[in-house]
Structure formats: structure tokens, C-alpha cells
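Chain by chain, the residues:
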There are 2 protein chains.
Amino acid sequence: MKIVSAKKILAGNDKIARENLEFFEKEGVFVLNILGSPGAGKTSLLEALLPRLRESMPVAVIEGDLATSQDAERVAALDVPVVQVNTEGACHLDAAMVSSAAEALDLPRGGILFIENVGNLVCPAGFRLGEHLRLVVLSVTEGDDKVAKYPPMFQKTQAVALNKVDLAGALEFDEEKVRKDLERLLPGGRFFRVSARTGLGLEEVETWLREERACRFEETSG
Amino acid sequence: MKIVSAKKILAGNDKIARENLEFFEKEGVFVLNILGSPGAGKTSLLEALLPRLRESMPVAVIEGDLATSQDAERVAALDVPVVQVNTEGACHLDAAMVSSAAEALDLPRGGILFIENVGNLVCPAGFRLGEHLRLVVLSVTEGDDKVAKYPPMFQKTQAVALNKVDLAGALEFDEEKVRKDLERLLPGGRFFRVSARTGLGLEEVETWLREERACRFEETSG
């Protein structure tokens with residue numbers, strides 16, 4: 001007879017996440033976990049970033065969804081290696097799912113592996129996957145109250161991309177409120193204003209990814 | 001030593017949900033569980049519907065959030081009785097939370113109690129609260145792929161309100177795709193096109209709520 005507590009499940013997940021991270025480091029793969037609400041624009045941001053990055057480094061994607069392979073098909077259409085994980089109803093990816101997916105993937109050694117989590121502003125926050133960094137995509141169409149209302153997601157990331165800023169004019173969106181809530185929950189975190197659709201702000205995200213990857217994997221000449 | 005399986009938790013929740021429903025029926029309260037992604041417009045839809053409905057019947061609201069009482073404050077500003085439930089990190093309301101909230105609430109006997117769930121297109125689907133009906137709010141800004149990608153949410157509701165249709169023109173949104181996915185997952189379900197902001201389609205939702213309430217609580221003259 002076995003008792004499995006939620007705490008033990010999280011501890012077990014953390015153990016696999018650490019193993020994943022060790023594996024990715026050994027293989028020279030920088031890993032970004034992308035999180036956000038359904039429809040925040042996670043896949044669209046990937047579609048915009050991948051062509052820019054792969055000019056100079058290999059890239060690959062693990063897509064997490066409850067059902068369908070629609071997001072993986074969008075990435076595959078760019079000729080980027082991609083594995084779809086269907087969570088069969090689970091509200092987040094976990095480290096074991098990522099481990100299995102990584103085995104099936106053509107690893108982007110010397111480059112970046114993107115993991116797009118299930119669209120959910122709550123559950124994925126608690127599950128480490130073996131990523132180096134997290135990026136939460138928040139869209140202006142979700143409203144300016146979401147950081148305050150979903151604190152764990154924004155406390156456990158290193159960066160936030162405010163997406164669909166091209167639509168902000170058509171909406172009553174108080175960006176200052178979002179920035180203030182983020183300063184409180186994520187002091188020192190990176191903040192990007194982007195539009196995956198128009199391309200606005202993507203250069204900053206790209207530069208950030210290159211620098212974060214470089215400081216972990218590239219030997220310094222000094 | 002106790003073992004609590006997920007199945008038992010759901011069964012326990014269902015039992016409390018049945019008790020809640022019996023209580024609401026006895027008190028003459030019609031209950032709608034409102035679900036959807038963060039920022040789909042659940043609170044905005046309530047803000048638009050409540051003033052229309054309360055001209056002829058009492059209304060009240062239970063608000064579910066991880067943190068803050070921002071949504072409850074928006075409802076309270078309309079002079080509508082409201083109780084805020086903070087889930088302390090849980091990704092959905094459960095029947096016990098609703099039971100406690102109902103005790104603290106001035107019950108809208110002869111009217112409608114709205115329960116606004118945590119913004120989440122996954123977890124709340126599995127938890128009955130004691131509601132008569134569910135309404136999932138889906139916004140066009142989330143994209144036209146969400147019904148197919150989050151099937152449990154759309155299989156377990158009775159109605160879907162497509163919100164922010166006034167923005168559909170500015171986006172590439174294939175409403176036909178959404179309708180087809182819904183016909184597959186929710187055959188016979190009600191579908192409303194609304195804009196909480198402009199008021200479009202609210203009359204249909206209002207009429208639906210009045211009729212659904214009436215058929216459960218009002219004596220027929222025949």
C-alpha cells in the first residue's frame with residue numbers, strides 16, 4: 001500500500017527536473033519554459049522568434065496541450081524540430097513528460113529548446129521541467145488585473161512578455177498597473193513589450209535569449 | 001492513516017455539490033457557474049448582465065480567485081450582494097468553498113446566483129459546485145483553436161458565450177471553426193455571440209437565463 005502526497009509528487013517532479021536540467025546542460029541545450037493563459041500568444045511568439053534565432057543556432061520545440069497537435073503543426077510548418085505532448089487532461093506539463101519528449105526530439109545542441117506549456121495561468125507554475133529560465137506571456141486582451149490575481153505564476157518566472165501591445169489602444173489597459181504589480185511580485189524581473197503579430201519588441205526578446213544562453217554555455221575569452 | 005485518491009476527492013466534492021444544489025432548490029435560487037480563461041470577460045459579462053436582471057429579480061454573486069478581491073469589488077460597486085472566495089492557490093472552486101460562501105451571502109431567493117470560477121480553461125471543468133447550469137465564456141482574442149484544444153471544458157457545459165465579438169474584425173478569427181468544434185463536443189448546446197463592452201447579444205443571454213430559471217422554479221398555469 002502506498003501513500004502519495006502532493007508534496008511527494010512535487011518532490012519527485014523536482015528530482016526529474018534536476019535530471020533533465022543536468023542532461024540539457026551536458027548536451028549544450030539552453031531551455032526556456034514558456035507559460036501563459038490560453039490564447040496569450042505563446043505559439044505566435046514562437047512562430048515569430050524561431051525564424052530569427054535559427055539563422056545562427058539550432059532550435060527545437062516541445063509543445064504541451066490537453067488535446068490536438070495544432071500547435072506542433074504550426075511549428076513543424078517552419079521546419080523546426082517539434083514534439084507534441086498530449087497531457088490527456090492534465091493541466092500542466094511535468095518533468096517526466098519533458099524527459100520522454102526530449103528522447104524523441106532532435107536535440108538543438110548549442111542552441112535553444114523551447115517548451116510551450118499548457119495554456120493555464122495557475123497549475124504550470126508549480127512544476128519545474130528542467131528549464132534554465134521561464135517566460136510568462138501575458139496579453140493585453142486579458143486585462144491589466146491578471147498579475148495581481150494570479151501571483152504564483154508571476155513570482156516563479158524570470159521574465160514576462162506583454163503581448164498584443166498593438167491592440168492596447170483599442171482596449172482600456174493600464175500598463176502602469178501591470179508594471180507596478182510585477183515590481184512587487186517579481187522585483188528585478190525582465191519585462192518585454194511585444195506584438196508577435198507586428199514583430200514589435202521581438203529583437204529585445206531575441207537578444208535576451210542569446211545573452212542568457214551565452215552566459216551559461218559560451219567560454220569567455222577573458 | 002488515510003489514503004485519499006483523486007477519485008475519492010471528486011466523489012466527495014460531488015456529494016457536497018448535490019447538497020448545495022438541494023439547498024439552492026429549497027431556497028428557490030437558480031445557480032449559474034461561469035467559467036473561462038483568465039481575461040475572457042467573465043466579470044465584464046456579469047457587470048453587463050446584473051443591472052438588466054435585477055430590475056425584475058434578486059441577484060447575487062460568488063467570486064472565485066487565487067488572490068485579491070478585485071472582481072468582488074467590481075460587483076459590489078453595482079450594489080449587488082457578493083462574496084469573494086480566495087482559493088489560496090487552488091486552480092478551481094470546489095463545492096465546499098461554495099457552501100461556505102453561500103452561508104455568508106444574502107441569498108437571492110426567487111432569483112439568480114452567479115458563481116464566477118477561477119480563470120482557467122482546464123481544472124474547473126471537473127468540479128461540480130451545485131450549479132443548475134454552466135456558461136463558458138470564450139473570447140475571440142484567445143483564438144479560434146481553443147474549443148478543440150481544451151475539450152473537457154466545452155463538453156461539460158450547457159452553453160458557450162463567445163465574447164469580444166466587436167474585436168473579431170481586427171483579428172483573424174474563424175467563428176465557423178469554433179461552431180464546428182462545438183457541434184462535435186457539445187451537440188445541442190447553446191451558443192451566444194456577445195460583447196460585454198458594447199452590449200451586443202446580452203438580451204439573448206438574459207432571456208436564456210430567465211427561461212431556464214422559470215422552467216425550474218415557476219409553477220405553470222396549465
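Here is what the cut-offs are and how they apply
Residues numbered from 1 in each chain as written. Chains lettered and ligands numbered in written order. Predicted model: local features only at pLDDT ≥ 70, side-chain atom pairs only at ≥ 80, totals over all residues. Helix = DSSP H or I, 4+ residues; strand = E, 2+ residues; numbered from the N terminus. Rg over C-alpha atoms; globule rule 2.2 N^0.38 Å. Buried ≥ 20, exposed ≤ 12 C-beta atoms within 10 Å, placed from the backbone. pLDDT = per-residue confidence, 0-100. Contact = placed C-beta atoms within 7 Å. Pairing = 2+ DSSP bridges. Axes fitted to C-alpha atoms, helices over the stretch in contact; angles between N-to-C directions. Least-squares fit on C-alpha atoms with pLDDT ≥ 70 in both. Nonpolar A, V, L, I, M, F, W, Y, C, P; charged D, E, K, R; others polar. Right-handed = clockwise from strand over helix to strand, strands pointing away.

## A closer look at the overall build of chain A
When you go through chain A residue by residue, the secondary structure sums to 8 helices and 7 strands. Relative to the compact-globule value of 17 Å for 222 residues, chain A shows a C-alpha radius of gyration of 17 Å, a close match. Projecting the C-alpha coordinates of chain A onto the three principal axes gives extents of approximately 50 × 50 × 40 Å. Considering chain A as a whole, with its 222 residues, one finds that 48% of them fall into the buried category.

## Concerning the confidence of the model for chain A
Across chain A, the average pLDDT comes to 94, with 96% of residues at 70 or higher. Overall fold confidence (pTM) sits at 0.92, and the ipTM for the predicted complex is 0.88.

## Section: the environment of Arg-52 of chain B
Residue and element names in this part refer to chain B. Take Arg-52: it is sitting in helix H2 (residues 42–53). Along the chain, Arg-52 and Leu-202 lie 150 residues apart, while their C-alpha atoms are 9.1 Å from each other. Ignoring anything within four residues of it in the chain, the contact list for Arg-52 reads Leu-202 and Glu-206.

## Regarding the sheet that holds strand S1 (residues 30–36) of chain B
Consider a sheet: its strands pair through backbone hydrogen bonds, and that pairing is either parallel or antiparallel. Residues and elements named next belong to chain B. Read across the sheet, 7 strands follow the order S3-S2-S4-S1-S5-S6-S7 without closing on themselves; strand pairing throughout is parallel. Both outer strands of the open sheet, strand S3 (82–86) and strand S7 (190–193), are each paired with one neighbouring strand and no more. When the angles between neighbouring strand axes are averaged without regard to direction, this sheet yields 20°. Bridge analysis of strand S2 (residues 59–65) against S3 gives 5 bridges, and the strand direction is parallel. Bridge pairing in S3 links Val-61 to Val-82. The sheet strands contacting H2 are S1, S2, strand S4 (112–116), strand S5 (133–139) and strand S6 (159–163), and the helix crosses S4 at an angle near 170°.

## Digging into the relation of the copies chain B and chain A
The two copies are related by a screw motion: chain B maps onto chain A through a turn of 180° and a shift of 0.0 Å along the axis, at an RMSD of 0.0 Å. These values place the two chain copies in the arrangement generated by a two-fold rotation axis. Both copies contact each other with a shared surface, as 97% of the interface residues of chain B are interface residues in chain A too.

## Notes on the interface of chain B and chain A
Between chain B and chain A, the residue contacts involve 30 residues of the former and 29 residues of the latter. Elements supplying a minimum of two residues to the side of chain B that touches chain A: helix H5 (146–149) and helix H6 (151–155) of chain B. The element contributing the most residues to the side of chain B that touches chain A is H5 of chain B, with 3 residues. A class-by-class count of the residues in the side of chain B that touches chain A yields 15 nonpolar, 10 polar and 5 charged.

## Regarding the environment of Pro-152 of chain B
In this fold, Pro-152 of chain B is placed in helix H6. With 17 C-beta atoms packed within 10 Å, Pro-152 of chain B lands in the partly exposed category. In this structure, the C-alpha to C-alpha distance between Pro-152 of chain B and Met-97 of chain B, residues 55 residues apart in sequence, is 22 Å. Those residues in contact with Pro-152 of chain B that sit more than four places away from it in its chain are Gly-89 of chain A together with Ala-125 of chain B.

## Here we look at the pairing of strand S3 (residues 82–86) of chain A
Of all 5 residues making up S3 of chain A, 4 are buried, and the element is well covered by its neighbours. At this point the chain moves from strand S2 (residues 59–65) of chain A, through helix H3 (residues 70–76) of chain A, to the parallel S3 of chain A, and the crossover so formed is right-handed.

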